[in-house]
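# Structural description and commentary
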Amino acid sequence: MTERNFQIEHIPAVLYGDAAEKAYLFVHGQCGCKEEGLAFAEIACPSGYQVLAIDLPEHGERKGEKDRFNPWTAVPELKTVFAYMKSRWSEIGVRANSIGAHFSMLALGGEELHKALFVSPIVDMERLICDMMGWAGVTEDILRRQGEISTDFGQTLSWHYLCWAREHPLSVWSHPTVILYAERDNLTTMKTIKTFAHAHAASLTICDQGEHWFHTPGQLAFLRNWEEMHA
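Residues numbered from 1 in each chain as written. Predicted model: local features only at pLDDT ≥ 70, side-chain atom pairs only at ≥ 80, totals over all residues. Heavy atoms only, no water.

## Focus: the overall build of the chain
Operational definition: Strands here mean DSSP runs of E at least two residues long; helices mean DSSP runs of H or I at least four residues long; both are numbered from the N terminus. Radius of gyration here uses only the C-alpha atoms, and the compact-globule reference equals 2.2 Å multiplied by the residue count raised to the power 0.38. The buried label goes to any residue with under 20% of its type's maximum accessible area, the exposed label to any with over 50%, and the partly exposed label to all in between, with areas taken from a 1.4 Å probe on protein chains only.
Assigned secondary structure in the chain consists of eight helices and 10 strands. A compact globule built from 231 residues would reach a C-alpha radius of gyration of about 17 Å, and the chain, at 17 Å, matches this within 12%. The principal-axis extent of the C-alpha atoms belonging to the chain is close to 55 × 40 × 30 Å. Out of the 231 residues in the chain, the part that is buried amounts to 51%.

## Notes on the side chain of Lys 34
Using the following cut-off: Polar contacts, as used here, are pairs of N or O atoms within 3.5 Å; protein pairs need one atom able to donate a hydrogen and one able to accept it. Residues neighboring in sequence count only if both atoms are side-chain atoms. Contacts are assigned to residue pairs that have any heavy atoms within 4.5 Å of one another.
Positionally, Lys 34 belongs in the loop between strand 3 (22-27) and helix 1 (37-44). Polar side-chain contacts of Lys 34 include one of 2.7 Å to the side chain of Asp 55. Within the structure, Lys 34 has its side chain in polar contact with the side chain of Glu 61 (distance 2.6 Å). Dropping the residues within four chain positions of it, Lys 34 is found in contact with Asn 5, Pro 12, Ala 13, Val 14, Tyr 16, His 28, Ala 53, Ile 54, Asp 55 and Glu 61.

## Some remarks on the nonpolar core
In plain terms, the rule: To qualify as a nonpolar core, a set must consist of buried Ala, Val, Leu, Ile, Met, Phe, Trp, Tyr and Cys residues joined through side-chain atoms within 4.5 Å.
Ranked by size, the top nonpolar core spans 58 residues in total, and within it Leu 52, Met 85 and Phe 118 carry the most contacts. If sequence neighbours within four positions are ignored, Met 85 has contacts with Ala 23, Tyr 24, Leu 25, Leu 52 and Ile 92. Core analysis: the second largest hydrophobic core is formed by 20 residues, Phe 26, Ala 41, Ala 44 and Leu 117 among them.

## Topic: empty space enclosed by the protein
Here is the rule: Lining residues are defined by having an atom within 4 Å of a point belonging to a cavity or pocket. Those points lie on a 1 Å grid over the protein atoms alone, cavities being sets where a 1.4 Å probe fits but cannot get out and pockets being open sets with protein on both sides within 12 Å along at least five of seven lines. Grid points are joined across faces, edges and corners, and a volume is the space filled by probe spheres set on the points. Amino acids outside the nonpolar list (Ala, Val, Leu, Ile, Met, Phe, Trp, Tyr, Cys, Pro) and the charged list (Asp, Glu, Lys, Arg) are all regarded as polar, and Gly is one of them.
All chains considered together, the criterion is met by one cavity of 30 Å³ or more. In this structure, the largest cavity is lined by Asp 124, Arg 127, Leu 128, Asp 131, Leu 187, Thr 188, Thr 189 and Thr 192. Here the element with the most residues in the lining of the largest cavity is helix 4 (residues 125-136); it accounts for three residues. When the residues that make up the lining of the largest cavity are grouped by side-chain class, the tally is two nonpolar, three polar and three charged.

## Examining the packing of aromatic side chains
Quick reminder of the rule: Working definition: rings of Phe, Tyr and Trp (its six-membered ring) pair if their centres are within 6.5 Å, and the pair is stacked with planes under 30 degrees apart, edge-to-face with planes over 60 apart, and tilted otherwise.
The final tally for this structure, using the stated rule, is eight aromatic pairs. A ring pair is formed by Tyr 24 and Phe 40, whose centres lie 5.0 Å apart and whose planes are at 85°; its orientation type is edge-to-face. Here Tyr 24, found in strand 3, pairs with Phe 40, found in helix 1; they are 16 residues apart in sequence, far enough to count as distant. Assessed through its relative accessible area of 1%, Phe 40 is described here as buried. On the numbers, 5.4 Å between centres and 75° between planes, the contact of Phe 69 with Phe 103 is edge-to-face. Here Phe 69, found in the loop between strand 4 (49-54) and helix 2 (71-86), pairs with Phe 103, found in helix 3 (residues 98-108); they are 34 residues apart in sequence, far enough to count as distant. Classification of Phe 69 by relative accessible area gives buried; the value is 11%. Classification of Phe 103 by relative accessible area gives buried; the value is 0%.

## Quick look at the pattern of salt bridges
It is possible for side chains of opposite charge to pair when their charged atoms get near one another. Operational definition: A pairing counts as a salt bridge when a side-chain nitrogen of Lys or Arg comes within 4 Å of a carboxyl oxygen of Asp or Glu.
Under the criterion given, the structure shown has 14 salt bridges. Asp 55 is the partner of Lys 34 in a salt bridge, and the nearest nitrogen-oxygen pair spans 2.7 Å. Taken together, the residues span a long stretch of sequence, with Lys 34 in the loop between strand 3 and helix 1 and Asp 55 in the loop between strand 4 and helix 2 at a distance of 21 residues. Judged on exposure class, the residue Lys 34 and its partner Asp 55 are both buried. Between Glu 140 and Arg 166 there is a salt bridge, and its shortest N-O distance comes to 2.5 Å. On the criterion of sequence distance, the pair formed by Glu 140 in helix 5 (residues 140-146) and Arg 166 in helix 6 (residues 159-167) is long-range, its members being 26 residues apart. When salt bridges that share partners are traced, they join Lys 34, Glu 35, Asp 55 and Glu 61 into one network.

Any functional reading would require information beyond the geometric quantities listed.
So this is what it looks like as structure tokens:
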């Protein structure tokens, strides 16, 4: 399988697969990188697709740069990447993980997509931030006054981020969508994902005993089988 590294404006990208009419955009989640797209490309490329994967801010080749891993930075970048893709492929899908799926829905809701494959998607950012505030024992008043608060579970709570999430809910999303959700996902509740899937007519597959981050041999095998069914 061919592999080409290049940049779309300033965004590091890798393109997997031989020339084709169809392509998937692969969007990693937090702590991910564009190279994660290889495993999906091994499934999608033999079916006539290419796979384009990118590094979002603070990830992969972009660790240490000034741009931050947040929606007001990532969403415009995804729009730029998708504009590049539209000029080169006649049919485009998206395969995204976790918060990468959230960013993708914010960026591509008004675009024409063949299909969306989401793994452990964040579908209600306001709810997630409020949940994390509860875990940290932080009230809205405290967060508003302090602006940002570091937590002992590795996330930084941000008043600006909470306000942004409230002003930009996921409302426009009507693309054919299939979701893989883990039964033990600690970031999105079963009720939340089922409500989202029903509202957006998305197909929902639940991995019993799975976790938000698919990483055990059994979870990865389940993920690969799911991708083979839907890519």
